[in-house]
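Each chain is listed here by its residues.
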Amino acid sequence: MTALKGSVNVNVPDNTALLVMDIQEGIVARVHDDPDYLPRLSRAIDAARRADIPVVYVVIGFRSGHPEVSDRNATFSALPPGAFAEGDPHAAIHPDVAPRPGEVVVTKKRVSAFTGSDLELVLRSAGITRLVLTGLATSGVVLSTLRQAADLDYRLTVLADGCADRDPEVHRLLTEKVFPGQAEVSTVDQWVAAVG
């Protein structure tokens, strides 16, 4: 375990994967207004690749006509027809952090990265027991995935500035008060130094 000045301990064992969640054109456009966010996230992705840590992308995606969406689901039933379906340009992973050939892209059907996806199968098959979480939004995919991953007994790290939310106060509350109960919370630079 590597101790970093001014941070919690950041443990980066061999059985770690970096999750890059919901960094899709339509979500990036709505959620973040920090011009340094994508370059910072890109640094984390590059560091993971250099350290041979698998980078797993998670995206929201539906079939044409949204047959997976119940009208009882307040979040997804409000989507316009065709949103985040095949061919929707807003569903594409942002090109600044696009996956390389061979990197896994998991498609989910709800907020959590695990719900309606084969993420757990992918992780279990690779022997992954620790997840490093990044994504948009902190109060959406990051929170939901953290809670479910903790219940599935994964060890967790959240890169606080590798996440963002439309509400900065909600982001602060989650990363400073809520997430530390179930995860190590670090910054991208601290994590990059630890894996370097």
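Our structure's up above, just so we're on the same page.
Residues numbered from 1 in each chain as written. Predicted model: local features only at pLDDT ≥ 70, side-chain atom pairs only at ≥ 80, totals over all residues. Heavy atoms only, no water.

Undergrad: Please explain the side chain of Thr145 as it appears in this structure.
TA: Residue placement: Thr145 occurs in helix α4 (residues 138-151). Since its relative accessible area comes to 0%, Thr145 is described here as buried. (Helix = DSSP H or I, 4+ residues; strand = E, 2+ residues; numbered from the N terminus. Buried < 20%, exposed > 50% of the residue type's maximum accessible area, 1.4 Å probe, protein only.)

Undergrad: Could you clarify how one ought to interpret the layout of surface pockets in this entry?
TA: To locate leftover empty space, one rolls a probe as large as a water molecule over the atoms. In this structure, the largest pocket spans a volume of roughly 400 Å³. Asp22, Ile27, Arg30, Thr75 and Phe76 are the residues nearest the centre of the largest pocket, which is lined by 19 residues in total. For the lining of the largest pocket, the secondary structure elements donating two or more residues are α1 (25-31) and α4. Within the lining of the largest pocket, the residues separate by chemical class into 11 nonpolar, three polar and five charged. (1 Å grid on protein atoms, 1.4 Å probe; cavity = no way out; pocket = protein on both sides within 12 Å on 5 of 7 lines; lining within 4 Å. Points joined across faces, edges and corners; volume = space filled by probe spheres on them. Nonpolar A, V, L, I, M, F, W, Y, C, P; charged D, E, K, R; others polar.)

Undergrad: Explain the pattern of salt bridges here, please?
TA: Between side chains of opposite charge, a pair can form when the charged atoms approach closely. Evaluated as defined, the whole model comprises 12 salt bridges. Between Arg49 and Asp46 there is a salt bridge, and its shortest N-O distance comes to 3.7 Å. Of this pair, Arg49 and Asp46 both sit in helix α2 (residues 37-50), three residues apart, which is roughly one turn of the helix. Judged by relative accessible area, Asp46 falls into the partly exposed class, the value being 28%. (Salt bridge = Lys/Arg side-chain N within 4 Å of Asp/Glu carboxyl O.)

Undergrad: Sorry if this is basic, but what is going on with the environment of Val106 here?
TA: In this structure, Val106 sits in strand β3 (residues 105-108). When its relative accessible area of 1% is taken as the criterion, Val106 is described as buried. For the pair Val106 and Met21, spaced 85 residues apart in sequence, the C-alpha to C-alpha distance is 9.3 Å. In contact with Val106, other than residues within four places in its own chain, are Val56, Tyr57, Val58, Val59, Ser117, Asp118 and Leu119. (Contact = heavy atoms within 4.5 Å.)

Undergrad: Please explain the environment of Val141 as it appears in this structure.
TA: Note that Val141 resides in helix α4. The spatial distance from the C-alpha of Val141 to the C-alpha of Phe114 is 9.8 Å, given a sequence separation of 27 residues. Residues contacting Val141, with those up to four places away along its chain left out, are Met21, Asp22, Lys108, Val111, Ala113 and Leu136.

Undergrad: Hey, could you run me through unusual backbone geometry in this one?
TA: Most peptide bonds take the trans configuration, and most residues that are not glycine carry a negative phi. Note the cis peptide between Leu136 and Ala137, where omega equals 10°. Its place among the elements puts Ala137 in the loop between β4 (130-136) and α4. The phi dihedral of Asp22 falls on the positive side, at around 60°, and the residue is not glycine. Relative to the helices and strands, Asp22 resides in the loop between β1 (16-21) and α1. Unusually for a residue other than glycine, Asp153 sits at a positive phi of about 70°. Looking at the element boundaries, Asp153 is found in the loop between α4 and β5 (155-164).

Undergrad: Please clarify how α4 should be interpreted in this entry.
TA: Because each turn of an α-helix spans 3.6 residues, side chains separated by three or four positions in sequence point in the same direction. Counted at 1.5 Å a residue, the expected span for α4 with its 14 residues is 20 Å, and the 18 Å between its end C-alpha atoms agrees. Among all positions of α4, only Thr138, Gly140, Val141, Val142, Thr145, Leu146, Ala149 and Ala150 are buried. Looking at the packing, one finds that the buried side of α4 touches β1, β3, β4, β5 and α5 (168-178). Remark: Asp153 follows α4 within two positions and exhibits a positive phi of approximately 70°. (Expected span 1.5 Å × (residues − 1).)

Undergrad: Even after reading the chapter, I still don't get the pairing of β5, so can you show me in this structure?
TA: Across a regular strand the side chains alternate sides, sitting on one face of the sheet and then on the other. Among the 10 residues that make up β5, eight are buried, leaving the element largely enclosed by the rest of the structure. The pairing of β4 with β5 spans six bridges and is classified as parallel. Within β5, the residue paired with Leu131 across the bridge is Leu156. In this structure, β5 lies alongside strand β6 (residues 184-186), joined through three bridges in parallel fashion. (Pairing = 2+ DSSP bridges.)

Undergrad: I tried to follow the packing of α4 against α5 on my own but got confused; where do I start?
TA: Any two packed helices are characterised by how steeply their axes cross, that is the angle between the axes, and by the distance between the axes. In contact at an axis separation of 10 Å, α4 and α5 are set at 20° when each is read in the N-to-C sense. As summarised for this structure, α4 and α5 are arranged roughly parallel, according to the angle between their axes. Judged by the sense of rotation from one axis to the other, the crossing of α4 with α5 is left-handed. On the side of α4, the interface is formed by Thr138, Ser139, Leu143 and Arg147, while α5 contributes Val170, His171, Leu174, Thr175 and Val178. (Axes fitted to C-alpha atoms, helices over the stretch in contact; angles between N-to-C directions. Parallel < 35°, antiparallel > 145°, perpendicular 65-115°, else oblique. Left-handed = near helix turned anticlockwise from the far one by under 90°.)

Just distances and angles here, no functional claims.
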